[in-house]
Amino acid sequence: MADRNFSATRIPGFATIAVAAFVVLYLPIFTLVIYAFNAGQSIAVWEGISFHWFAKAWANEAVKSATLRSLIIAVSASAIATSVATMAALGTTRRPAFRGQTFIYVMINQPLMVPEIVTAVALLIFFGVIKQATGYQGLGYLILAHTAFCIPFAYLPIRARLEGMDLSLETAAADLYASDWQTFRFVTLPLLFPGIIAGAMLAFVISLDDVVITEFVKAGGQDTLPTYMLGQMRRAITPEVNAISTGLLALTVVLLTAFFLLTRKKG
Amino acid sequence: MKKLLGASALLLASTSLAHAAGELQLFNWGNYTSPELLEKFEKETGIKVTVTDYDSNDTALAKVEAGGHGFDLVVPSANYVPIWVEKGLLTELDRSKLPHFGNIAPQWIDVAWDKGRKYTVPWQWGSTGIAVNTSVYGGDINTSAVFLDVPEELKGKINVVPEMNDVVNLAIWYVGGEPCTEDTEVLKKARDALLAAKPDWLSMDYGATEKLSNNDWAASVNWNGSTMRARLANPAVKYGYPKEGYPLFMDSVGLLADAKNVEEAYKFIDFIMLPENAAMLSAFARYANGITGSEAFMPEDMKTAPEVVTPEEFQASGHFLPTCSPKAQEYMTAIWTELQK
Amino acid sequence: MSMESEARSRQTRRAWALSTPALLLLFLAAAGPLLIVLVYSFLLPGKYGNVEWGFSLDGWRGILYSRDIFDGSLKLADAHLTIFWRSVKLSLLTTIITFVVGFPTAWFIATRAPKARAMWLFLITIPFWTNLLIRTFAINEVLRNEGIVNTVLTKAGLIDAPIRMINTDFAVLVGMAYVYLPLMVLPLFAAIDRFDMKLLEAGYDLYASRMAVLRRVILPIVKPGIVAGSILVFVPSLGAYVTPRVLGGGKNMMIGNFIELQFGQGRNWPLGAALSMALLMIVMVALLVYVRAATKGSNPHG
């Protein structure tokens, strides 16, 4: 009596909404990419195809250094945040409630709850004092600030994954006399991996995107890509910004493709 | 894990050591520094200038006050300069390092906010008025009524730039008062006028040059240089001088007390006092400068532009804003906060 | 008995040990500096911004009451309440919209064949990697008076004059939903991915309708993902700053913009600090209530 076309996983309407969502998501991005090739000065009036905005962006020293800085900060921050968040997730999930658990949970999620402008001002003051005391003015402050607000973004997907995981596999491993560490390395970690990757990617994007906190904490000459673009937006907005975004997008596509190919081989 | 730590430690150390000789950090308004000028400066002196933007005097002040900012030069507006000086954030300029000081036009030397130019040197100056797209509205644009008693054609299409000093004082002039007044009657009228007009405004945002050019806005309270740039892109845009009274502003360059690249800073300050370089600055942002002899080097369209060369009949209505007493400032801030809600 | 409690305290110690690195970093660069903000909320505003040392409750009072400038009387600041209400309303709507759109999307991706799944995940990740400013700007391009929507509608002859969408609450809502959609989809996907599809077949075998299966089987099990996604969308949108600024045109302020004003032209840092603290407290309470309600009844032991 099974309907041959019946698929247990199909829910009516969902596919339509999903595809529509994709289209809507990409529409502004396509516009963005197309105008990067605009021969004219405007980001809204099309005047023919040209590559000169790309050439301009490529030759722009400020853009290159801002991009590099953004990437360095994002990689460092997401790496540290994800490691630290994984440990914290393991410590706080799937346990009977223990003393101070709510406190830890609140602390970890606190950057999400505080408006960035507040953290930005608080850090401006706090780091300002430290800068004057130690004389150190490098990227450390930005990396520290980014890591902190990336932690909850890495934590939540990992925790969600962990909570949904089936404990029986780990119990089975323990039954087979695996040590805690072995269980972790060979059973928990591989199962948790998609959650960790989701967390790391989220943290990376959040760091790359940040405008408000970076704008306040940065010292002279420490522009990241978003703060550079913010500066450009206050001036005459030209398709150079589109060109930069398109370039970054292309880089991302390449990286993600490589990443997906790699993980597929392992799987 | 250890390798990662080691590598990151090295990275941190190297970024703080990378303090190249021959560099300068300029903290300035957005869209206000000619890139050509910076290129020319680098070619002649070997000093690389990095510009960081701000869009309000308050942000700039907060950033510098907090310390550890890394900037050398800053360009505050006239009425803020005394505040910077009072807080000890600017150093007195060493005249011996500025051989071209004499180029400053005489009327800009003994200004109320920096008598004798002890701390600052002129950057650019201009006025705040009303920019209108005359194909949308053909009436009289030389009055603050355009934004305080919005004509039909402009309702819902006019922007007001969120600059407290400019806007509140335009309103005060409109109701017949004087800037920095502590007269509560006048202030009340100004506040009521602003609040009554607000529903007819489209937005309170920056970006007029672009938005007037692409017709997102039909009008805006705006600065003259920005309006000129908009007119060059969109010829229907015209600049109005409010006859009730409009503010003049001047931005000046100051040397920060905790600047690291002091010698380079002096070279730059001196550099912009040469007529041809001052003209370069003006040509970019389209504002007048305060250096004698620069007219010879100014671009043709600026010599006759109505935004830059104020027509006779409106010259008397333009006034520089004084630095208000704390009480007057408090009133203005309160009005502004109420308006912004 | 004592063995059990010893094991329990060992567990607790280990939990704390694992959480310590995160806590340390957060204290240094997130929670710690907030103490500064707390202190500032009890100080006096400085003449030109910043603060002056001197105890005052004006910062806190200013949240709900404002002094009439001219007669000094204290009255309820309904402009403030408008801003609060706008923020809460828009954030709730954003969360709902992103859930309604995001759940089917996450479900769709998770139910593709494994090979195709990677590609779809790939596709949904890419827009996220476009900078926030750019994406907000792109929405601006779509909604402005001479933007895509209006141009298409005008060319199709459906409207005479452009519909004014920009600089309204609607624009801010569209912008926020667009920007925060990723934050809803990823956690949902992580949870759905773990969901055992065989449970669905069991449900259908028992003659349950699709809606019933959705409501009684799927949603309860992927609840952690829903909770995570909702938090990740609701809270940041409550404190949003860039998107309402760019799309609202500075006239329709949300709490984030209002706070920024206090640190800028509003020159009232204590008020800004007090507002931030108040926002924080409200969010914490809301979170606790929500998380409690969401995890009630679900077995923590998986």
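Residues numbered from 1 in each chain as written. Chains lettered and ligands numbered in written order. Predicted model: local features only at pLDDT ≥ 70, side-chain atom pairs only at ≥ 80, totals over all residues. Heavy atoms only, no water.

A. Geometry of the packing of aromatic side chains. Summed over all chains, the structure comprises 32 aromatic pairs over all chains. Between the aromatic rings of Phe-147 of chain B and Trp-201 of chain B, the centroid separation amounts to 6.2 Å while the plane-to-plane angle is 35°, which identifies the pairing as tilted. In this pair, Phe-147 of chain B sits in helix 5 (residues 145-148) while Trp-201 of chain B sits in strand 8 (residues 201-203), placing the two residues 54 residues apart along the sequence. Comparing Phe-147 of chain B with Trp-201 of chain B, the two get one shared label, buried. The rings of Phe-14 of chain A together with Phe-99, Phe-103, Trp-107 and Phe-195 of chain C are connected pair by pair, giving a single aromatic cluster. Lying over the aromatic face of Tyr-331 of chain B, Lys-327 of chain B brings its terminal NZ or CZ to 4.7 Å of the ring centre. Note that Arg-112 of chain C overlies the ring of Phe-108 of chain C, its terminal NZ or CZ placed 4.0 Å from the centroid. (Phe/Tyr/Trp six-rings, centres within 6.5 Å; stacked < 30°, edge-to-face > 60°. Helix = DSSP H or I, 4+ residues; strand = E, 2+ residues; numbered from the N terminus. Buried < 20%, exposed > 50% of the residue type's maximum accessible area, 1.4 Å probe, protein only. Lys NZ or Arg CZ within 6 Å of the ring centre and 35° of its normal.)

B. Structural context of the nonpolar core. Formed by 158 residues in total, the largest nonpolar core has its most connected members in Ile-151 of chain A together with Phe-103, Trp-107 and Ile-218 of chain C. Of all the elements, helix 7 (residues 169-194) of chain C adds the most residues to this core, at 16 residues. Residue contacts for Ile-151 of chain A: discarding those within four places in its chain leaves Ala-81, Val-84, Ala-85 and Ile-108 of chain A together with Ala-22, Leu-25 and Leu-26 of chain C. (Core = buried A, V, L, I, M, F, W, Y, C linked by side-chain atoms within 4.5 Å. Contact = heavy atoms within 4.5 Å.)

C. Region of interest: the pattern of salt bridges. Within the structure shown, the criterion is met by 18 salt bridges over all chains. For the salt bridge of Lys-155 of chain B with Glu-152 of chain B, the shortest nitrogen-to-oxygen distance reads 3.4 Å. A relative accessible area of 36% means that Lys-155 of chain B is categorised as partly exposed. Notably, a salt bridge pairs Lys-303 of chain B with Glu-300 of chain B, separated by 3.4 Å at the nearest N-O pair. With Lys-303 of chain B and Glu-300 of chain B both in helix 12 (residues 300-304) and 3 residues apart, this pair spans about one turn of that helix. The exposure class assigned to Lys-303 of chain B is partly exposed, which follows from its relative accessible area of 38%. Salt bridges sharing common partners tie together Arg-161 of chain A together with Arg-117 and Asp-193 of chain C. (Salt bridge = Lys/Arg side-chain N within 4 Å of Asp/Glu carboxyl O.)

D. Region of the structure containing the pairing of strand 11 (residues 246-255) of chain B. All names here are of chain B. For strand 11, the tally of buried residues reaches 10 of 10 residues, placing the bulk of the element in the interior. Residues of strand 11 alternate between two faces, with Tyr-246, Leu-248, Met-250, Ser-252 and Gly-254 on one and Pro-247, Phe-249, Asp-251, Val-253 and Leu-255 on the opposite face, all of them buried. As paired elements, strand 3 (residues 73-74) and strand 11 share 2 bridges and run antiparallel to each other. Considered in strand 11, the bridge of Leu-73 is made with Leu-255. Pairing geometry for strand 6 (residues 120-133) and strand 11, over 7 bridges, is antiparallel. What sits directly across from Ser-127, in strand 11, is Leu-248. Direction of pairing for strand 11 relative to strand 12 (residues 318-320): parallel, over a ladder of 3 bridges. Among the inter-strand pairings, Tyr-246 is bridged to a residue of strand 12, identified as Gly-318. (Pairing = 2+ DSSP bridges.)

E. A look at the interface of chain A and chain C. Across the boundary between the two partners, chain A contributes 93 residues, which contact 93 residues of chain C. Here chain A and chain C share an interface that buries about 8,900 Å² over both sides, 80% of which is from carbon and sulfur atoms. On the chain A side of the interface with chain C, the three residues burying the most area are Phe-22, Leu-25 and Met-113 of chain A, jointly 7% of the side's total. Between chain A and chain C we count 2 salt bridges in total. Between Arg-135 of chain C and Asp-209 of chain A there is a salt bridge, with its nearest N and O atoms 3.3 Å apart. Here chain A and chain C share 5 residue pairs in polar contact (both at pLDDT 80 or more) between them. Broken down by element, the residue count for the side of chain A that touches chain C peaks at 14 residues, all from helix 1 (residues 14-35) of chain A. A class-by-class count of the residues in the side of chain A that touches chain C yields 70 nonpolar, 14 polar and 9 charged. (Buried area = accessible area lost by both parts, 1.4 Å probe. Polar contact = N/O pair within 3.5 Å; in protein donor to acceptor, adjacent residues only side chain to side chain. Nonpolar A, V, L, I, M, F, W, Y, C, P; charged D, E, K, R; others polar.)

F. Broad picture of helix 10 (residues 223-238) of chain C. Taking 1.5 Å per residue, 16 residues should reach 22 Å; helix 10 of chain C reaches 22 Å between its end C-alpha atoms and fits that length. Most of helix 10 of chain C is tucked away, with 14 of its 16 residues classed as buried. (Expected span 1.5 Å × (residues − 1).)

G. Inspection of the packing of helix 5 (residues 116-134) of chain A against helix 12 (residues 255-263) of chain C at higher detail. Viewed as axis vectors pointing N to C, helix 5 of chain A and helix 12 of chain C meet at an angle of 30°, and their least axial separation amounts to 9 Å. One way to sum up the angle between helix 5 of chain A and helix 12 of chain C is to call them roughly parallel. Counted together, Ile-117, Val-118 and Val-121 of chain A of helix 5 of chain A and Gly-256, Ile-259, Glu-260 and Phe-263 of chain C of helix 12 of chain C form the full contact between these two elements. Looking at the contact of helix 5 of chain A with helix 12 of chain C residue by residue, the class counts come to 5 nonpolar, 1 polar and 1 charged. (Axes fitted to C-alpha atoms, helices over the stretch in contact; angles between N-to-C directions. Parallel < 35°, antiparallel > 145°, perpendicular 65-115°, else oblique.)

H. How the structure looks around the state of the cysteines. Residues and elements named next belong to chain B. Enumeration according to the criterion identifies 1 disulfide over all chains in this entry. Disulfide pairing is shown between Cys-180 and Cys-324; the S-S distance is 1.9 Å. What sets the handedness of the Cys-180 and Cys-324 disulfide is the S-S torsion sign, and at about -80° it is left-handed. Here the residue Cys-180 occupies a position in the loop between helix 6 (164-174) and helix 7 (184-197), and Cys-324 occupies one in the loop between strand 12 and helix 14 (326-340), the gap between them amounting to 144 residues. For Cys-324, a relative accessible area of 8% translates into the label buried. (Disulfide = S-S within 2.5 Å.)

I. Representation of helix 9 (residues 210-221) of chain C in the model. Between its first and last C-alpha, helix 9 of chain C extends 16 Å over 12 residues, near the 16 Å set by a 1.5 Å rise per residue. Residues Arg-210, Val-213, Leu-214, Val-217 and Ile-218 of chain C constitute the buried set of helix 9 of chain C. Along the long axis of helix 9 of chain C, the arc covered by the buried residues comes to 125°, so they all point the same way. Seen from the buried face of helix 9 of chain C, the exposed residues on the opposite side, beyond 90 degrees, are Arg-215 and Arg-216 of chain C. Contact partners of the buried residues in helix 9 of chain C: helix 1 of chain A together with helix 3 (78-110) and helix 8 (198-205) of chain C. (Arc of directions from axis to C-beta.)

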